[in-house]
Amino acid sequence: MQTNLVQQFANTPEGQEAESILRACVHCGFCTATCPTYQELNDERDGPRGRIYLMKMFLEGEEVTEKSREHLDRCLTCRSCETTCPSGVKYGRLVDISRGLMEQEMPRPPKERWIRWSLARVLPNRRLFGFLLRMGQLFRPVLPSVLRTKVPPRKKASPWPAASHDRIVLALAGCVQPSATPNTNAAAARVLYKLGVTMVEAPEAGCCGAVNHHLSEHDQALNAMRRNIDAWWPAIEAGAEAIIMTASGCGAMVQEYGHLLKDDPMYAAKAQKVSDMTVDLGAFLLTQDLEKLKVPQGAGKVAFHCPCTLQHAMHQNGVVDQVLRRAGIDLAETKEKHLCCGSAGTYSILQPKLSQRLLNNKLKALTVDNPDRIVTANIGCQMHLETKAQVPVQHWIELLDA
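Residues numbered from 1 in each chain as written. Predicted model: local features only at pLDDT ≥ 70, side-chain atom pairs only at ≥ 80, totals over all residues. Heavy atoms only, no water.

1. As for the sheet that holds strand β3 (residues 243-245)
- What the four strands build is an open sheet, ordered β2-β1-β3-β4; its pairing is parallel. On the outer flanks of this sheet lie β2 (197-201) and β4 (278-280), each paired with one strand and no other. Direction aside, neighbouring strands of the sheet carry axes that sit 40 degrees apart on average.
- Across five bridges, the pairing between strand β1 (residues 167-171) and β2 is parallel. Each residue of the ladder has a partner; that of Val-169, found in β2, is Met-199.
- Packed on one face of the sheet, helix α14 (residues 218-237) meets β1 and β3 and runs near 170 degrees to β1. (Pairing = 2+ DSSP bridges. Helix = DSSP H or I, 4+ residues; strand = E, 2+ residues; numbered from the N terminus. Axes fitted to C-alpha atoms, helices over the stretch in contact; angles between N-to-C directions. Contact = heavy atoms within 4.5 Å.)

Printed below as a string of structure tokens:
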């Protein structure tokens, strides 16, 4: 694709990166076949190819309206198009760059700015989110049904192992997971302990930065990344062998630290080291001796939902399936595995109608084989699916902890 970026963008690192991505696109349209929003809306502007043209127009200085931004806002950033693209177009990076620049050039209406500002302050703040969630759970019985479904029931964590092994891996507690699904990391720690590995969390580490980054608050996101690197670095220097991710949304973000901080002289090398050490829990377990784990009993037939971040960003499609099968889990058949459930970070809040349509489609695809439960690998997907699922929804590691 030929490009001619305006000077204000052409001379910046982000503009140059965006231009190189644009030039990789050959207009083939293969991406539209696997784009959830294009499949749902049948509008070229709501598919990757059409959005690429809208972003190109903006970066070349042509008039871009609020309608154009609406089409970009409808993008889930699921990156299914990247898996499909024969030219290797890094569409996710292009969207993040273009949205960030557009926020600077085209301020949103006050109501939209307030909603996005609130999300960027509440969700990454572990204590504030936890407090608000507990208040919601306390008053859940009297909430209107529309709100009640958004508040997950209170869950408890199993005890972490009291002893430790010589092999150490790091984990990220994150921002939403500790209060919404506290048993996820506890279950992971217990399973890893059975395999001779001790998992530890760095208390100073917090949100991975994804919420701020995808809401175009790039400076705040970079600061969150630096904080996490500082929190993990002593353990890395002490010999931690990996950074295990139990939420694929966080994993996809942390694996980008090296790229996003490449121009930071203080953090570039450390960020790349952190990205190189980051691995999804399923991929780590696949390299271990799973014979040490007892085959779970009573799980029934299980449908696995592979999050977009796991299959399209971290490129781990099929890995968790292998782990579950080796552990003796009876996996149910599912359809349209590549399509997003509609959670997509803050998408379910900012685009509720379209998110619900995608959720309904995903639940139909996950339950064609009448599973007894649904498992997934990301906190956002888990919370979104359980708002409407007719069977229990949980993180897959809890099955192995059984």
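2. Brief notes about the pattern of salt bridges
- Applying the stated criterion to the full structure yields 23 salt bridges.
- Between Glu-17 and Arg-93 there is a salt bridge, with the nearest N and O atoms lying 2.9 Å from each other. Taken as a pair, Glu-17 in helix α2 (residues 13-24) and Arg-93 in helix α7 (residues 91-105) lie far apart in primary sequence, 76 residues in all.
- Between Arg-69 and Glu-103 there is a salt bridge whose closest N-O contact spans 3.8 Å. (Salt bridge = Lys/Arg side-chain N within 4 Å of Asp/Glu carboxyl O.)

3. A few points about unusual backbone geometry
- Of note in this structure, Arg-79 is not a glycine but carries a positive phi near 65 degrees.
- Checked against the element boundaries, Arg-79 lands in the loop between α5 (66-73) and α6 (80-84).
- With a phi close to 50 degrees, Ala-344 is a non-glycine residue in the positive phi region.
- Checked against the element boundaries, Ala-344 lands in the loop between β6 (330-331) and α21 (347-350).
- Residue Ala-344 is classed as partly exposed on the basis of its relative accessible area, which comes to 29%. (Buried < 20%, exposed > 50% of the residue type's maximum accessible area, 1.4 Å probe, protein only.)

4. A look at the environment of Glu-256
- Mapped onto the elements of the fold, Glu-256 is located in the loop between α15 (248-254) and α16 (257-260).
- Owing to a relative accessible area of 22%, Glu-256 belongs among the partly exposed residues under this scheme.
- When the C-alpha atoms of Glu-256 and Ile-374 are compared, they prove to be 29 Å apart, with 118 residues separating the residues in sequence.
- Not counting chain neighbours up to four residues away, the residues in contact with Glu-256 comprise Arg-79, Arg-93 and Ser-275.

5. As for the nonpolar core
- Membership of the largest hydrophobic core comes to 43 residues, with the highest contact counts inside it found for Trp-232, Tyr-257 and Val-274.
- With residues up to four places along the chain from it excluded, the contact list for Trp-232 reads Leu-170, Ala-171, Leu-172, Ala-202, Ala-205, Ile-243, Met-245, Val-254, Tyr-257 and Val-274.
- Judged by nonpolar contacts, the second largest core, of 37 residues, contains Cys-306, Ile-329, Trp-396 and Leu-399. (Core = buried A, V, L, I, M, F, W, Y, C linked by side-chain atoms within 4.5 Å.)

6. So, the packing of helix α4 (residues 48-59) against α7
- One way to put it is that α4 packs onto α7 with a least axis distance of 10 Å and a crossing angle of 40 degrees. Classed by the angle they form, the pair α4 and α7 counts as oblique. Pair α4 / α7 crosses with left-handed handedness. Of the residues in α7, those touching α4 at Pro-48, Arg-51, Ile-52, Met-55, Phe-58 and Leu-59 are Tyr-91, Leu-94, Val-95, Ser-98, Leu-101, Met-102 and Glu-105. (Parallel < 35°, antiparallel > 145°, perpendicular 65-115°, else oblique. Left-handed = near helix turned anticlockwise from the far one by under 90°.)

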